[in-house]
Amino acid sequence: MTDLEYDLYQNLNMTWNGWETEINYKSSAKNLTKLGYQKIVWHDANKELPELNKYVLGYDYYGQTYAVVSWDNTDWTDDNGICYDVDYGADLPAIDVRR
């Protein structure tokens, strides 16, 4: 059971009018993912670097700074060439843009 499935289980584990409810937590978690809910997984930038020039959400623990940055095998930089200290990084979610 994943963390999201467990959280759903904790929130939905109930009795309704004396009847036990049957809920498929795995299916519910999958449907929430389809709706755009996503668990953020932070990676330690000192141990797990992303692919080169792949954009991630970078976080500087000490400076409390968030920025969309990429790793070029030397520095963490944004599109404007500004360098950041990054302690943790998280993948950016896929966005479905409908027009």
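Let me begin by describing the structure that accompanies this report. (Residues numbered from 1 in each chain as written. Predicted model: local features only at pLDDT ≥ 70, side-chain atom pairs only at ≥ 80, totals over all residues. Heavy atoms only, no water.)

Things to note about the overall build of the protein
The helix and strand inventory of the protein stands at two helices and eight strands. Written out in order from the N terminus, the α and β elements of the protein read α-β-β-α-β-β-β-β-β-β. Put simply, the protein has 99 residues, and 21% of those count as buried. Contacts spanning at least 24 positions in sequence make up 46% of the contacts within the protein whose residues lie at least 6 apart. Carbon and sulfur atoms make up 50% of the accessible area of the protein, which amounts to about 8,200 Å² in all. (Helix = DSSP H or I, 4+ residues; strand = E, 2+ residues; numbered from the N terminus. Buried < 20%, exposed > 50% of the residue type's maximum accessible area, 1.4 Å probe, protein only. Contact = heavy atoms within 4.5 Å. Areas by Shrake-Rupley, 256 points an atom, 1.4 Å probe, with all protein chains shown as cover.)

Looking at the side chain of Asp 44
As for its placement among the helices and strands, Asp 44 is situated in strand E3 (residues 42-44). Here Asn 46 takes part through its backbone nitrogen, which lies 2.9 Å from a polar atom of the side chain of Asp 44. Not counting the four nearest positions on each side in its chain, Asp 44 is found in contact with Asp 87 and Tyr 88. (Polar contact = N/O pair within 3.5 Å; in protein donor to acceptor, adjacent residues only side chain to side chain.)

With respect to the environment of Tyr 59
Inspection of the secondary structure puts Tyr 59 in strand E4 (residues 55-60). Tyr 59 gets classed as buried once you look at its relative accessible area, which sits at 12%. Sequence separation of Tyr 59 and Ala 45 is 14 residues, and the distance between their C-alpha atoms is 9.2 Å. Excluding residues within four positions of it along the chain, Tyr 59 makes contact with Trp 42, Gln 64, Thr 65, Tyr 66, Val 86, Asp 87 and Tyr 88. In this structure the side chain of Tyr 59 is engaged in a polar contact, spanning 3.3 Å, whose partner is the side chain of Gln 64.

Observations regarding the nonpolar core
One recurring pattern in soluble globular proteins: nonpolar side chains tend to sit buried together. Ala 45, Val 56, Ala 67, Val 69, Trp 71, Trp 76 and Val 86 together form the largest nonpolar core, which totals seven residues. Here this core takes three residues from strand E5 (residues 65-71), the largest share from any one element. Discounting residues that sit within four places of it in the chain, Val 56 has contacts with Pro 50, Ala 67, Val 68, Val 69, Trp 76, Ala 90, Asp 91 and Leu 92. (Core = buried A, V, L, I, M, F, W, Y, C linked by side-chain atoms within 4.5 Å.)

Section: the pattern of salt bridges
Per the counting criterion, the structure on display carries one salt bridge. The shortest N-O distance in the salt bridge between Asp 91 and Lys 54 comes to 3.3 Å. Of the two residues, Asp 91 sits in strand E8 (residues 88-91) while Lys 54 sits in the loop between E3 and E4, which places them 37 residues apart along the sequence. You can call Asp 91 partly exposed: its relative accessible area is 41%. (Salt bridge = Lys/Arg side-chain N within 4 Å of Asp/Glu carboxyl O.)

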